[in-house]
Amino acid sequence: METNPNERLRGFIRTTLGCGCPDEVLERIDCTRSDIAQEPQVKLTRIDVGGQLLVYMLEGEEDPHRLADVMPVVLSTGLVERARRHFNRLRVVIAVQSPDQLRSVIEGIFGASAPRDDKVHLHVVSTEELPFD
C-alpha cells in the first residue's frame, strides 16, 4: 500500500526533524519549490508547517565550496521570512548522498553563516530520508 505523501511529510517533520508542534499545526503543510539557489540541479523546497515552523530544504548540492556560497543566501532569506511572517522556528535541511561524510563540513559552513539564535536549526540528512518521490 502506498503511503500518503502528506503522512510521509508529517512523519519526516515529526521524526527526522524532531518537531514537537501540536498535531493541529501539522494539519496544514504547504510546500513550494524556490529558485533561490539559481541552479537547475539544486532544489530548494520551502515548507510552511501550520504557520509555526518554516523549513528550507536544500537538495542536490554536494560541493562544500558551492554550499558555502548558497548557505548565507538560504539563511538570510529564511530569517527574513521567519521574522516577516512570524514563524516560531526556522529549520534548514541539507540533503546529501553521504551525510556522515559531509556533516562536519556542512555544520561549519552553517555555523559561519547562521546568527546565534536558538530558533534556527540545521539538519543534515540523507537524500533517501526525504519524504518526496
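Residues numbered from 1 in each chain as written. Predicted model: local features only at pLDDT ≥ 70, side-chain atom pairs only at ≥ 80, totals over all residues. Heavy atoms only, no water.

1. Concerning the overall build of the protein
Piece 1. Regarding its fold elements, the protein presents three helices and five strands.
Piece 2. Counting from the amino terminus, helix and strand elements in the protein follow one another as α-β-β-β-α-β-α-β.
Piece 3. Relative to the 2.2 N^0.38 estimate, which gives 14 Å for 133 residues, the radius of gyration of the protein is 14 Å and therefore close to what a compact globule would have.
Piece 4. The principal-axis extents of the C-alpha atoms in the protein amount to approximately 40 × 35 × 25 Å.
Piece 5. A total of 133 residues make up the protein; the buried ones form 43% of that total.
Piece 6. Across the protein, contacts joining residues at least 24 apart in sequence account for 60% of those joining residues at least 6 apart.
Piece 7. If you sum the accessible surface of the protein, you get close to 7,400 Å²; carbon and sulfur atoms cover 47% of it.
Piece 8. Distance between charge centroids for the protein: 6 Å, based on 16 positive and 22 negative side chains. (Helix = DSSP H or I, 4+ residues; strand = E, 2+ residues; numbered from the N terminus. Rg over C-alpha atoms; globule rule 2.2 N^0.38 Å. Buried < 20%, exposed > 50% of the residue type's maximum accessible area, 1.4 Å probe, protein only. Contact = heavy atoms within 4.5 Å. Areas by Shrake-Rupley, 256 points an atom, 1.4 Å probe, with all protein chains shown as cover. Lys, Arg positive; Asp, Glu negative; His and termini not counted. Charge placed at Lys NZ, Arg CZ, Asp CG, Glu CD.)

2. Some details on helix H3 (residues 99–113)
Piece 1. Maximal helix bending in H3 amounts to about 30°, located at Val 105.
Piece 2. Those residues of H3 lying buried are Pro 99, Leu 102, Ile 106, Ile 109 and Phe 110.
Piece 3. Buried residues in H3 make contact with helix H2 (64–85), strand E4 (89–96) and strand E5 (120–126). (Bend = angle between axes of the 7 residues up to and from the residue.)

3. Describing the nonpolar core
Most often, soluble globular proteins have nonpolar side chains that are buried together.
Piece 1. In this structure, Met 71, Val 92, Ile 94, Ile 106 and Phe 110 are the most contacted members of the largest nonpolar core, which totals 23 residues.
Piece 2. For this core, the elements supplying multiple residues, two or more each, are strand E3 (53–59), H2, E4, H3 and E5.
Piece 3. For this core, the element with the highest residue contribution is H2, accounting for five residues.
Piece 4. When sequence neighbours within four positions are dropped, the list of residues in contact with Met 71 reads Val 92, Ile 94, Ile 106, Ile 109, Phe 110 and Ser 113. (Core = buried A, V, L, I, M, F, W, Y, C linked by side-chain atoms within 4.5 Å.)

4. Regarding the packing of H2 against H3
Piece 1. At a closest axis distance of 9 Å, the pairing of H2 and H3 adopts a crossing angle of 40°. In terms of orientation, H2 and H3 fall into the oblique class. As H2 packs across H3, the resulting crossing turns out to be right-handed. The residues of H3 that touch H2, namely those facing Pro 64, Leu 67, Ala 68, Met 71, Pro 72 and Leu 75, are Leu 102, Val 105, Ile 106, Ile 109, Phe 110 and Ser 113.
Piece 2. Looking at the contact of H2 with H3 residue by residue, the classes come out as eleven nonpolar, one polar and no charged. (Axes fitted to C-alpha atoms, helices over the stretch in contact; angles between N-to-C directions. Parallel < 35°, antiparallel > 145°, perpendicular 65-115°, else oblique. Left-handed = near helix turned anticlockwise from the far one by under 90°. Nonpolar A, V, L, I, M, F, W, Y, C, P; charged D, E, K, R; others polar.)

5. So, the state of the cysteines
Piece 1. Applying the stated criterion across every chain, the model contains zero disulfides.
Piece 2. A disulfide-free cysteine, Cys 31 has its sulfur positioned 13 Å from the sulfur of Cys 19, the nearest such atom.
Piece 3. With a relative accessible area of 35%, Cys 31 lands in the partly exposed category. (Disulfide = S-S within 2.5 Å.)

6. Here we look at the pairing of strand E2 (residues 43–49)
Piece 1. E2 sits mainly inside the fold: six of its seven residues count as buried.
Piece 2. The pairing of strand E1 (residues 29–34) with E2 spans six bridges and is classified as antiparallel. Across the sheet, the residue bridging to Asp 30 is Asp 48, located in E2.
Piece 3. As consecutive antiparallel partners, E2 and E3 are separated by three residues, and within that stretch Gly 50 has a phi angle of approximately 60°, a positive value. (Pairing = 2+ DSSP bridges.)

7. With respect to the sheet that holds E2
Piece 1. Read across the open sheet, the five strands follow the order E1-E2-E3-E4-E5; overall the sheet is mixed. Strands at the two margins of the open sheet, each flanked by one partner only, are E1 and E5. Strand-to-strand twist in this sheet, taken as the mean axis angle between neighbours without regard to direction, amounts to 20°.
Piece 2. Where E2 lies against E3, seven bridges are found, and the strand directions are antiparallel. By the bridge assignment for E3, Ile 47 is matched with Val 55.
Piece 3. H2 rests against E2, E3, E4 and E5 of the sheet, and its axis sits at about 150° to E4.
Piece 4. Against the sheet, H3 touches E4 and E5, its axis set at about 160° to E5.

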